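Structure assessment
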Amino acid sequence: MKIIGIAGSLRSGAYVRRLLEASGHELPASAGFGIWEGLEEVPPFEDGPLPGPVEELCRALSAADGVLIAAPAYSDLPPQLRHALDWASRRGGAVLVDKPVGVVTACLRPYEAIWTQIELRRVLGVAGAAVHGVDLPVSPAAGRFDEAGRIADPELRDRLRPVLRHLCSPQGAPVPPSATRTVPAPGSAPVLSPASVRLPAPAGRTVPAPGSAPVPSPASVRLPAPAAPQVLARTQAG
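Owing to the predicted nature of the structure, the values given are computational and were not obtained by experimental measurement.

To continue, consider the confidence of the model for the chain. Low pLDDT marks regions whose predicted coordinates should not be analysed in detail. Summarising the model, the chain shows a mean pLDDT of 73, and 67% of its residues fall at 70 or more. Note that pLDDT drops below 50 for residues 171-208; the model gives that stretch 8 contacts with residues more than four away or on any other chain. Every residue in residues 217-221 is under pLDDT 50, and counting partners more than four places away or in other chains gives 1 contact.

Below, the structure written as structure tokens:
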């Protein structure tokens, strides 16, 4: 497996970059991980020949088995990240079609990055990518990284693992059966069909057993005649 990482912030020492690097440490040892460094050189989308940095981006995405994007919690995507995704989705051919993409957003509080997640999913969905995302609360005062640059908080690592499983399992991670549902093993007794399940009769109503006398039809049941309506006399003032 070859995973390409893209940091959505160009600022040196940004927590998004640290989060991306720390996420790479959590990948399986069999997965190669590298961060694409050409984001700053990508121009805004326009018609015409592909610029050199865009060709490099498309080659990197095409050669990768999965893509991991880390983005800050903005109300919109950072401009350079939007430029890159616009090129990849509109002029990059099929470089992202059916490709697993993990989206990790850094924010001060949980779910603060909901708009960034929505916009990234929309843009990547247009490109045909299979997107899985999570927002991770990361702040300078929280001590989320250890001295080796790894994620120090086990809760954050637990939240990150489904995204990494998605990247390393293009066909999708297996979903365990629900605890309230029993799935029979192959070769076991078949599951009962709805027709073979007897439901209790409602209270106050008798359901005849099979083979007994038929239930009277509505036409054969005599109902009491309705009471004659009262006719109120109308008087007209003269």
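There's more to say after this.
A separate point is the nonpolar core. By size, the foremost hydrophobic cluster in this structure holds 29 residues, and its most contacted members are Ile6 and Leu96. Elements supplying a minimum of two residues to this core: β1 (2-7), α2 (52-63), β3 (66-72), α3 (79-90), β4 (100-107) and α4 (114-126). Once residues lying within four places of it in the same chain are set aside, the contact partners of isoleucine 6 are Leu20, Trp36, Leu39, Leu57, Leu61, Val67, Leu68, Ile69, Ala70 and Leu81. Formed by 22 residues, the second largest nonpolar core is a distinct cluster that contains Ala22, Ile35, Leu136 and Leu160.

Looking down a regular strand, the side chains alternate between one sheet face and the other. With 7 of 7 residues buried, β3 is to be regarded as a mostly interior element. Every second residue of β3 is oriented toward a common face, with Gly66, Leu68, Ala70 and Pro72 on one face and Val67, Ile69 and Ala71 on the other, all of them buried. Two strands pair when backbone bridges link them, and β3 and β4 are joined in this way by 6 bridges, in the parallel orientation. Directly across from alanine 70, in β4, lies its bridge partner valine 104.

Here β1 lies mainly inside the structure; 5 of its 6 residues are buried. In terms of strand pairing, β1 meets strand β2 (residues 32-35) through 4 bridges, oriented parallel. Counted as the bridge partner of isoleucine 3 is phenylalanine 33 from β2. In this fold, the crossover linking β1 to β2 by way of helix α1 (residues 15-25) has right-handed handedness. Summarising the sheet, β1 and β3 pair through 5 bridges and their orientation is parallel. Bridged to isoleucine 4 within β3 is valine 67.

Looking now at the packing of aromatic side chains. Tallied over the full model, the rule gives 2 aromatic pairs. Between tyrosine 15 and phenylalanine 145, the ring centres sit 6.1 Å apart and the planes meet at 35°, which makes this aromatic pair tilted. Separated by 130 residues along the polypeptide, tyrosine 15 in helix α1 and phenylalanine 145 in the loop between β5 (130-137) and α5 (154-168) bring together distant segments of the chain. Residue classification places phenylalanine 145 among the buried positions, given a relative accessible area of 12%. Lying across the ring of tyrosine 15, arginine 18 places its NZ or CZ 5.4 Å from the centre. Between the NZ or CZ atom of arginine 90 and the centre of the ring of phenylalanine 45, over which it lies, the distance is 3.9 Å.

The computed volume of the second largest pocket comes to approximately 190 Å³. Every residue lining the second largest pocket is listed: Ala7, Ser9, Leu10, Arg11, Ser12, Arg17, Ile35, Trp36, Glu37, Leu39 and Glu40.

Attention now moves to the environment of alanine 22. Its place among the elements puts alanine 22 in helix α1. A sequence separation of 122 residues divides alanine 22 from arginine 144, and the C-alpha atoms of the two residues are 10.0 Å apart. Non-local contacts of alanine 22, meaning those with residues more than four positions away in its chain, are made with Phe145, Gly149, Arg150 and Ile151.

Another point: empty space enclosed by the protein. On inspection of all chains with the given rule, the structure shows 1 cavity of 30 Å³ or more. Forming the boundary of the largest cavity are Ile6, Leu61, Val67, Ile69, Leu85, Leu96, Val101 and Leu124. Looking at the lining of the largest cavity residue by residue, the classes come out as 8 nonpolar, no polar and no charged.

About the criteria used
- Residues numbered from 1 in each chain as written.
- Predicted model: local features only at pLDDT ≥ 70, side-chain atom pairs only at ≥ 80, totals over all residues.
- Heavy atoms only, no water.
- pLDDT = per-residue confidence, 0-100.
- Contact = heavy atoms within 4.5 Å.
- Core = buried A, V, L, I, M, F, W, Y, C linked by side-chain atoms within 4.5 Å.
- Buried < 20%, exposed > 50% of the residue type's maximum accessible area, 1.4 Å probe, protein only.
- Helix = DSSP H or I, 4+ residues; strand = E, 2+ residues; numbered from the N terminus.
- Pairing = 2+ DSSP bridges.
- Right-handed = clockwise from strand over helix to strand, strands pointing away.
- Phe/Tyr/Trp six-rings, centres within 6.5 Å; stacked < 30°, edge-to-face > 60°.
- Lys NZ or Arg CZ within 6 Å of the ring centre and 35° of its normal.
- 1 Å grid on protein atoms, 1.4 Å probe; cavity = no way out; pocket = protein on both sides within 12 Å on 5 of 7 lines; lining within 4 Å.
- Points joined across faces, edges and corners; volume = space filled by probe spheres on them.
- Nonpolar A, V, L, I, M, F, W, Y, C, P; charged D, E, K, R; others polar.

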